[in-house]
Amino acid sequence: MRIHGFQKTTLLDYPGHLAATIFFGGCNFLCPFCHNASLVLYPDSLPAIPKEEILDTLKKRKGILEGVCITGGEPTLEVGLTDFIKEIKALGLLVKLDTNGSNPLVLKELLLNGLVDYVAMDVKNSPDKYSATIGKSTIPLKNISESIKLLLMDKVDYEFRTTVTKELHTPSDFILIGEWIKGAKAYFLQSYKESEDVISPGFHSYSRKELNEIHLMLLPYASKVEIRGVD
Ligand code: SF4
């Protein structure tokens, strides 16, 4: 398995739970603002961590940990993800999946088999801006729509989220995103933050005041709308 990162304890990645985080390498998107450039662009240059080592650690820490966050990269590209998650669930741990929503088949399998307890799915932008936002000319919009519909069925807790940059998002994009996810349980505006490992540096975030205005526009579309990442 292409596991290239393992954080033994975090309070940030699985909100409300003490969790460990597993990072899968590789992604089918190339979002220019992605802050995991090494995982996405050169996963093979990072040391691989055997899954047995991770399962052993989780076993030893299962009295301490409540859950595991599975992230990347894009974890649903990993052959064997379902079986791996089954092994984690067998330890009695909750599982949160972070996904870009491009793989509704895997998402559906995980949902139908009760293998995930929380899903955080990126909705990168309004449909017309998807290509520029994910850095790809081929856009899996049908897959994104299917994944959104799967989560709207309320089989598990979930959130939709958008990393917001001034260069890629205008306030009117959020009305179109809102229409796409209408009726959602939760939607988060994540303010862009520059980091050392970003794919294409130079993006900027909106101010708190501007994000508050976008937040107000989104209130009709989801039960909970919040802003993350602004001090
Ligand atoms: S932000 Fe997510 S979907 Fe985009 S390239 Fe990075 S890991 Fe892939």
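Think of each chain on its own: its residues are numbered from 1, step by step along the sequence as written. Given that this is a predicted model, residues contribute local features only at a pLDDT of at least 70 and side-chain atom pairs are listed and counted only at 80 or more, while totals for whole chains, interfaces and linings are drawn from all residues. The side-chain quantities take in all heavy atoms of the structure and omit both hydrogens and water.

Just to check I follow, could you spell out the site of the ligand for this structure?
Here a residue is near a molecule or strand as soon as one of its heavy atoms is found within 4 Å of it. The full set of residues close to the ligand is Cys 27, Phe 29, Cys 31, Cys 34, Val 40, Gly 73, Asn 100 and Lys 124. Cavities and pockets are found on a 1 Å grid laid over the protein atoms alone: a cavity is a set of points where a 1.4 Å probe fits but cannot escape, a pocket is an open set with protein on both sides within 12 Å along at least five of seven lines, and a lining residue has an atom within 4 Å of such a point. Should more than half of a molecule's atoms lie within 2 Å of a pocket's or cavity's grid points, that molecule is taken to sit in it. The site holding the ligand turns out to be the largest pocket. Here the shell around the ligand is built from residues that sort into five nonpolar, two polar and one charged. Each residue receives one of three labels: charged for Asp, Glu, Lys and Arg, nonpolar for Ala, Val, Leu, Ile, Met, Phe, Trp, Tyr, Cys and Pro, and polar for the others, Gly being one of them.

Explain the environment of Lys 185 to me, please; I cannot follow it from the model alone.
Numbering of helices and strands runs from the N terminus; a helix is a DSSP stretch of H or I covering at least four residues, while a strand is a stretch of E covering at least two. Inspection of the secondary structure assignment puts Lys 185 in strand E7 (residues 184–191). Given a relative accessible area of 30%, Lys 185 falls into the partly exposed group. When the C-alpha positions of Lys 185 and Phe 24 are compared, they lie 27 Å apart, and in sequence the two are 161 residues distant. In this description, contact between two residues means that some pair of their heavy atoms is separated by no more than 4.5 Å. Aside from chain neighbours lying at most four places away, what touches Lys 185 is Asp 154, Val 156, Asp 157, Tyr 158, Ser 223 and Lys 224. Polar contact is defined as a pair of N or O atoms within 3.5 Å, subject to the rule that within protein one atom must be able to donate a hydrogen and the other to accept it, and that residues adjacent in sequence are counted only when both atoms are side-chain atoms. At a separation of 3.1 Å, a polar atom in the side chain of Lys 185 contacts the side chain of Asp 157. We call a residue buried when its accessible area falls under 20% of the maximum for its residue type, exposed when it is over 50%, and partly exposed in between, using a 1.4 Å probe and counting protein chains only.

So what exactly am I meant to see when it comes to the packing of aromatic side chains here?
Pairing of aromatic side chains requires ring centres within 6.5 Å, counting the rings of Phe and Tyr and the six-membered ring of Trp. Pairs whose planes differ by under 30 degrees are stacked, by over 60 edge-to-face, and all others tilted. Under the criterion given, the structure shown has six aromatic pairs. Judged by centre distance (5.7 Å) and plane angle (90°), the rings of Tyr 130 and Trp 180 are edge-to-face. Here Tyr 130 is found in helix H5 (residues 130–134), whereas its partner Trp 180 is found in helix H7 (residues 171–180), with 50 residues between them in sequence. Accessibility expressed as a relative area gives 0% for Tyr 130, which makes it buried. Each member of the aromatic cluster is reached from another via a ring pair, and the members are Phe 33, Tyr 192 and Phe 203.

Explain the pairing of strand E3 (residues 67–71) here, please?
Regular strands have side chains that alternate between both faces of the sheet. Most of E3 sits out of view: five of its five residues are buried. Of the two faces of E3, both are covered, the one formed by Gly 67, Cys 69 and Thr 71 as well as the one formed by Val 68 and Ile 70. At least two bridges found by DSSP between two strands are what make those strands a pair. As defined by bridge partners, strand E2 (residues 19–24) adjoins E3 across five bridges and the pair is classed as parallel. If you follow Ala 20 over to E3, its bridge partner there is Val 68. Pairing of E3 with strand E4 (residues 94–99), which is carried by four bridges, proceeds in the parallel orientation. Within E4, the position partnered with Ile 70 by the bridge is Leu 97. Crossover handedness is defined by viewing with both strands directed away from the observer: a clockwise path from the first strand over the helix to the second marks the crossover as right-handed. Handedness of the E3-helix H3 (residues 81–89)-E4 crossover: right-handed.

Please clarify how the layout of surface pockets should be interpreted in this entry.
Where empty space is left in the structure can be found by rolling a water-sized probe over the atoms. Grid points are joined across faces, edges and corners, and a volume is the space filled by probe spheres set on the points. One number sums up the size of the largest pocket: a volume of about 1100 Å³. Along its surface, the largest pocket is lined by 36 residues, and His 35, Asp 98, Arg 161, Thr 163 and Gln 190 are the ones closest to its centre. Secondary structure elements with two or more residues in the lining of the largest pocket: strand E1 (3–10), E4, strand E6 (157–164) and E7. Considered class by class, the residues forming the lining of the largest pocket number 13 nonpolar, 13 polar and ten charged.

Mind showing me how you'd approach the UniProt feature "domain: Radical SAM core" (unreviewed entry) in the chain here?
The UniProt entry lists residues 12–231 under the feature "domain: Radical SAM core" (unreviewed entry), expressed in the numbering used here. Annotated as residues 12–231, this span is 32% helix and 20% strand, and its ends, taken at the C-alpha atoms, are 15 Å apart. UniProt positions are given in the numbering used here, feature names are shortened, and annotations may be inferred rather than shown by experiment.

When you look at the state of the cysteines in this model, what are you seeing that I'm missing?
A disulfide bridge is the covalent bond that connects two cysteines by way of their sulfur atoms. Two cysteine sulfur atoms make up a disulfide if the distance between them is within 2.5 Å. Considering all chains together, one arrives at zero disulfides under this definition. Not part of a disulfide, Cys 69 finds its nearest cysteine sulfur in Cys 34, a span of 14 Å. The class of Cys 69 is buried, set by a relative accessible area of 0%.

What is the right way to look at the sheet that holds strand E8 (residues 222–228) in this model?
Each strand in a sheet pairs with its neighbour through backbone hydrogen bonds, running either in the same direction (parallel) or in the opposite one (antiparallel). Read across the open sheet, the eight strands follow the order E1-E2-E3-E4-E5-E6-E7-E8; overall the sheet is mixed. Edge positions in the open sheet fall to E1 and E8, since each of these has one partner strand only. The sheet shows a mean angle of 20° between the axes of neighbouring strands, taken without regard to direction. Here an axis means a line fitted to C-alpha atoms, over the contact stretch when the element is a helix, while the angle between two N-to-C directions is reported on a 0 to 180 degree scale. Against the sheet, helix H2 (residues 51–60) touches E1, E2 and E3, its axis set at about 10° to E1.

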